[in-house]
Amino acid sequence: MKKVSLFLGVLLLLLPLALLSQQSEQETLIVNLGQSRELVPGFAIGKVILGNPSICDFKTLNQRRTLLLTSKSVGSTNLIVYDQTEKIRVEYLIKVIQDISIMKSDMQKLFADIEGLKISEQRGKITLEGKIFNVDDYIFIMKTIAGNPNVINKLRLDEETMKKLGEKITETIGIDEITFKILRDKIMLEGEVISDAEMKKAEIIAETYAPGLIINAITVNPQKKGFIQAPHVHIATQIVSMTRRAAQQIGIRWLPTGTLGVDPSKSIQVGGGMGPLKEITGIVSGLLPKLDLLYTEGEAQQLSTATMVTRSGTSAHQNMGGGEIPIPVPQAGGAIGIEYKEYGFIVDATPIVSKTSDAVDVAIKAQVVAIGPQIAGAPSIIKNEINTNVTVNSGDSIVLAGLVSDEFQKSVQGLPGLSKIPILSSFFSSKGTQREQKEIYITLTPTILPAGAGSDKEKESLEKLKKKLKVKEKIQDK
């Protein structure tokens, strides 16, 4: 019994050492913010686990022999790399820092052609000084340094440039009632708007173009004479896989190529043959309950669904089942910047409500974007798109067919990046004749909302506007 206890004791002492010998080696890597770094671990890379993707992102290159790290924000994170036998081979502690001297050098290269700009380093921060004479130069500088706590802005504008900047701001805001005045070194915005959301939109745009230079004298007056508040439109969007026979059953009226608006006398029918389906647009009434019935009968499958709410005349954007991919972009001096590209099913819709009926005219741009093979160390983009303009009654539906054409399918089938788009990977996972008999359709159902609806959605759209106007982690081309 004592021998057994002694053996177990020795085993317990040796176990941590055995486990320690199997642990991966940890390396510390320093990456400057805004730059990328390639790692060649010396083995075929398997699974990769990243602790905090908001600090740093990665992608594999060269048949999974190389890791490309892309810094996104200051901080630290862990990166664990497995080989293809699922064994941990190396662990990195990645520290993203902002080297002021490098940032100064990058800015000097980026802003080299801007007249009147002086860049200096003082007490660990970059100071921008001087008088700028070109409004586009000023806006470019403001967007590049937006949100950077290590940059002190002491730039000034001459009076003529201030006027051009004011014109640019009011043009971007796009509300005729908003005007501006120059008060010494400030731009004062004036006028009346009909909602807090419109005033907030004006503030966001103005502060993005001219931070610290804006005096907001805009007032909100919902009862202002002559104002007609644009109605909100709810757009229900679905991506559906169904047979052409099912598409015939639900009564889609296909519009001839080039036909705009609803004209049933000119509508055509798509047969049930197996030839390639071209890009085509159709309309149908009572679509949603008809689709529910097809789902239960197995004639159709709902691949994705989303909703958008926007004002009449305002564009709404939706990315269904996709995301953004960082693409390395070479910059001056050998630096590598990052440009983000969307992939997935992307729908942009601009509804305009008729003043005399409940009809809605919808301008639509629908895209399917897939991540293609590597070209010169960066992923390529494969896409197809449909642009159309259709008028339907509120509650009726628009159907887009042929976006995922035979040609597109041949281009993307088997690509590793396809797994990033669940809609496509799910569609292609069906084998044999069953998949061959089905097509992907996008449906949009615009419905005019009662007055006063949609305020919460307006808040969401303002948040999206803030993100859109902010410069992402990339150096913009001038």
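First things first, this report covers the structure right here in the doc. Quick caveat: nothing in here was measured; it's all calculated off a predicted structure.

**Observations concerning the pairing of strand S16 (residues 280–284)**
Along any regular strand, the residues point their side chains to alternate faces of the sheet. Most of S16 is tucked away, with 5 of its 5 residues classed as buried. Alternating residues of S16 divide into Ile 280, Gly 282 and Val 284 and Thr 281 and Ile 283, and every residue in both groups is buried. The sheet contact formed by strand S15 (residues 253–255) and S16 spans 3 bridges and is antiparallel. Within the sheet, the bridge partner assigned to Trp 254 lies in S16 and is Gly 282. As judged from the 5 bridges shared by S16 and strand S22 (residues 397–401), these two strands associate in the antiparallel manner. Its bridge partner being in S22, Gly 282 is matched across the sheet by Val 399.

**Some thoughts on unusual backbone geometry**
Phi is mostly negative for residues that are not glycine, and the peptide bonds are mostly trans. Although it is not a glycine, Asn 62 adopts a positive phi angle of roughly 50°. Tracing the chain through its elements places Asn 62 in the loop between strand S4 (56–61) and strand S5 (66–71). Classification of Asn 62 by relative accessible area gives partly exposed; the value is 47%. Residues other than glycine seldom take positive phi values, yet Arg 64 does so here, at roughly 65°. Note that Arg 64 resides in the loop between S4 and S5. Here Arg 64 falls in the partly exposed class, since its relative accessible area comes to 34%.

**Some points on helix H7 (residues 287–297)**
By the burial criterion, the buried members of H7 are Leu 287, Leu 291, Leu 294 and Tyr 295. Projection of H7 onto a plane perpendicular to its axis shows the buried side chains occupying an angular sector of 105°, all on one side. Along H7, the residues that are exposed and aim more than 90 degrees away from the buried face are Pro 289 and Thr 296. Looking at the buried positions of H7, the neighbouring elements they touch are strand S14 (232–243), helix H6 (244–249), S16, strand S17 (300–311), S22 and strand S23 (438–448). Once H7 ends, the next one or two residues include Gly 298, with phi positive near 80°.

**Focus: the pattern of salt bridges**
This model, assessed by the stated rule, comprises 5 salt bridges. Arg 89 serves as the salt-bridge partner of Asp 83, at 3.2 Å between the closest nitrogen and oxygen. You can call Asp 83 buried: its relative accessible area is 9%. For Arg 89, a relative accessible area of 37% gives the class partly exposed. The salt bridge involving Lys 200 is made with Glu 203; its shortest N-O contact spans 3.7 Å. On the criterion of helical spacing, the pair formed by Lys 200 and Glu 203 is a turn pair, its members being 3 residues apart in helix H5 (residues 196–209). Taking the relative accessible area as the measure of exposure, Lys 200 reaches 36% and is therefore partly exposed. Exposure remark for Glu 203: the relative accessible area of 28% places this residue in the partly exposed category.

**Re the pairing of S4**
Looking at chain direction, S4 and S5 are connected through 6 bridges and run antiparallel. Pairing of Phe 58 across the sheet is with Leu 69, part of S5. Here S4 folds back onto S5 in antiparallel fashion, the turn holding 4 residues, of which Asn 62 has a positive phi close to 50°.

**As for the nonpolar core**
Counting 39 residues, the largest nonpolar core has Met 107, Phe 111, Leu 117, Leu 128, Ile 141, Leu 165 and Ile 169 as its most contacted members. Only helix H2 (100–110), strand S9 (125–132), helix H3 (135–145), strand S10 (151–157), helix H4 (159–173), strand S12 (186–193), H5 and strand S13 (214–220) provide two or more residues apiece to this core. Take this core: its biggest share by element is 7 residues, from H3. Non-local contacts of Leu 117, meaning those with residues more than four positions away in its chain, are made with Phe 111, Leu 128, Glu 129, Ile 132, Ile 141 and Leu 155. Residues Leu 255, Ile 364, Ile 386 and Ile 442 belong to the second largest nonpolar core, which totals 29 residues.

About the thresholds
Per-chain numbering applies: the sequence of each chain, read as written, is numbered from 1 onward. Only residues with pLDDT of at least 70 get local features here, since the model is predicted, and only at 80 or more are side-chain atom pairs given and counted; chain-wide, interface and lining totals rely on the full set of residues. To obtain the side-chain values, all non-hydrogen atoms of the structure were included, while hydrogens and water were left out. For each residue, the accessible area found with a 1.4 Å probe, counting protein chains only, is set against the maximum for its type, and the residue is called buried under 20%, exposed over 50%, and partly exposed in between. We count a stretch as a helix when DSSP gives it H or I for four or more residues in a row; a strand needs E for two or more, and each element gets its number in order from the N terminus. Two strands pair if DSSP finds at least two bridges between them. The arc in question is traced by the directions running from the helix axis to the C-beta atoms. Any two residues having at least one pair of non-hydrogen atoms within 4.5 Å are treated as being in contact. When a carboxyl oxygen of Asp or Glu lies within 4 Å of a side-chain nitrogen of Lys or Arg, that pair is called a salt bridge. Among the buried residues, those of types Ala, Val, Leu, Ile, Met, Phe, Trp, Tyr and Cys that are joined through side-chain atoms within 4.5 Å form a nonpolar core.

These results come straight from atomic positions and should not be treated as a statement about function.
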